[in-house]
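For reference, the chains in residue letters:
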Amino acid sequence: MAVELRNVTKIYGNGVARTVALDNVSLSISAGESVVLMGPSGSGKTTLLNIVAALDRPTSGEVYIMGVDVTRLPEGKLERFRLRNIGYLFQSYNLIPYLTAEQNVALPLIALGIRKELALLRARALLEFVGLEKAAGLYPHQMSGGMQQRAAIARALAANPPLIVLDEPTSNIDLENAAGVLALITAVNKIFKATVFIATHDPDVARVATRIVYMRGGKAYEAAEPPRREFKL
Ligand code: ADP
Ligand code: ADP
């Protein structure tokens, strides 16, 4: 199992300000699945995504990622665990402004102790994979939103993590780029054999799902029949 949540509850605040963001959610995701998480605003998508991404801890329950209960890992060990096992694509991309595209992509590898020259070599190969071979030397402010997002995807893939977590991957880009990103996510799932976990409002993203999970009021529900339409690069 790539990800397993057992009776996960997340409560923010207390007293009258108490919010149950996740209400006893259990979820098992096999390696290689492509899970799309949908649901209205405030239903708990971001909270669930952050817990699956080992960025946040539940109030109660267990969270196994690649067999490791991350709720029991101390912060120091968790950091290295994330670097090795989880690739992230945030809505804001979080590229470092004073580093070039290839330096940004190489960063997780350098953090894992890989030699700079090797890390940059792999970064350039990944930039080619996402169609940015000509942008390796550009800084984020010199790239369009779509290009920045592709660079961020290349960075998420850098350490070849078994799990990739994406938050609203199509929300800040135009339709043409969105179709490209969906094709890219499908390719990542197939070529890198990565398990993909995506939170989104965009029904188009559901096309890359092998499985759709709906959130409502902090509870998770599964769609009976997961559609799968192929996206070609
Ligand atoms: P989205 O709908 O795109 O998931 P939200 O607006 O729900 O985004 O949340 C954005 C961020 O704001 C989240 O990371 C969440 O932790 C934080 N947030 C949401 N609601 C509250 C709240 N009531 N109090 C404090 N922080 C909140
Ligand atoms: P979604 O991503 O589906 O919009 P969230 O996971 O952001 O939902 O939020 C779920 C619920 O938890 C909402 O009621 C939200 O206001 C609340 N919430 C989220 N983050 C925080 C936070 N940091 N502090 C307090 N409440 C929060």
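See the structure shown above.
Residues numbered from 1 in each chain as written. Chains lettered and ligands numbered in written order. Predicted model: local features only at pLDDT ≥ 70, side-chain atom pairs only at ≥ 80, totals over all residues. Heavy atoms only, no water.

Chemist: Help me out: how do you make sense of the site of ligand 2 in this one?
Modeler: Within the structure, ligand 2 sits among Y12, T19, A21, P40, S41, G42, S43, G44, K45, T46 and T47. In the environment of ligand 2, an oxygen atom lies 3.1 Å from a nitrogen or oxygen atom belonging to the backbone of S43. Calculation on ligand 2 without its partners gives an accessible area of 560 Å², and the protein chains cover 59% of this total. At the level of elements, β2 (19-29) and α1 (45-52) are the ones that each hand at least two residues to the shell around ligand 2. The element that contributes the greatest number of residues to the shell around ligand 2 is α1, accounting for 3 residues. Of the residues that constitute the shell around ligand 2, the class distribution is 3 nonpolar, 7 polar and 1 charged. (Near = heavy atom within 4 Å. Polar contact = N/O pair within 3.5 Å; in protein donor to acceptor, adjacent residues only side chain to side chain. Areas by Shrake-Rupley, 256 points an atom, 1.4 Å probe, with all protein chains shown as cover. Helix = DSSP H or I, 4+ residues; strand = E, 2+ residues; numbered from the N terminus. Nonpolar A, V, L, I, M, F, W, Y, C, P; charged D, E, K, R; others polar.)

Chemist: What is the right way to read the side chain of E168 from this model?
Modeler: For E168, the location among the structural elements is in the loop between β7 (163-167) and α6 (175-191). Buried charged residue E168 carries no salt bridge. Nearest counter-charge: K45, at 5.3 Å. Residues in contact with E168, not counting those within four places in the same chain, are K45, Q91, A199, T200 and H201. (Buried < 20%, exposed > 50% of the residue type's maximum accessible area, 1.4 Å probe, protein only. Lys, Arg positive; Asp, Glu negative; His and termini not counted. Salt bridge = Lys/Arg side-chain N within 4 Å of Asp/Glu carboxyl O. Contact = heavy atoms within 4.5 Å.)

Chemist: Honestly, the sheet that holds β2 in this entry has me stumped. Any pointers?
Modeler: Strand pairs in the sheet, formed through backbone hydrogen bonds, run parallel or antiparallel to each other. In space, the 4 strands of this open sheet follow the order β2-β1-β4-β5, with antiparallel pairing throughout. In the strand order of this sheet, the two ends are held by β2 and β5 (68-69), each with one partner. Sheet topology places strand β1 (residues 3-12) next to β2; 7 bridges connect them, and they run antiparallel. Paired with L5 across the bridge in β2 is L27. Against the sheet, α1 contacts β1, β2 and β4 (60-65), and its axis sits at roughly 130° relative to β1. (Pairing = 2+ DSSP bridges. Axes fitted to C-alpha atoms, helices over the stretch in contact; angles between N-to-C directions.)

Chemist: I tried to follow the sheet that holds strand β8 (residues 195-199) on my own but got confused; where do I start?
Modeler: Pairing is mixed in the open sheet, where 6 strands are placed in the order β6-β7-β8-β3-β9-β10. At either margin of the open sheet sits one strand with a lone partner, and together these are β6 (86-89) and β10 (219-222). Across this sheet, the average inter-strand angle for adjacent strands is 20°, counted without regard to direction. Where β6 lies against β7, 4 bridges are found, and the strand directions are parallel. Its bridge partner lying in β7, I86 is registered against L163. In this fold helix α5 (residues 145-157) packs onto β6 and β7, with an angle of close to 170° to the strand it touches most, β6.

Chemist: What exactly am I supposed to notice about the environment of R211 here?
Modeler: Assignment of secondary structure puts R211 in strand β9 (residues 211-216). In this structure the side chain of R211 is engaged in a polar contact, spanning 2.6 Å, whose partner is the backbone oxygen of S28.

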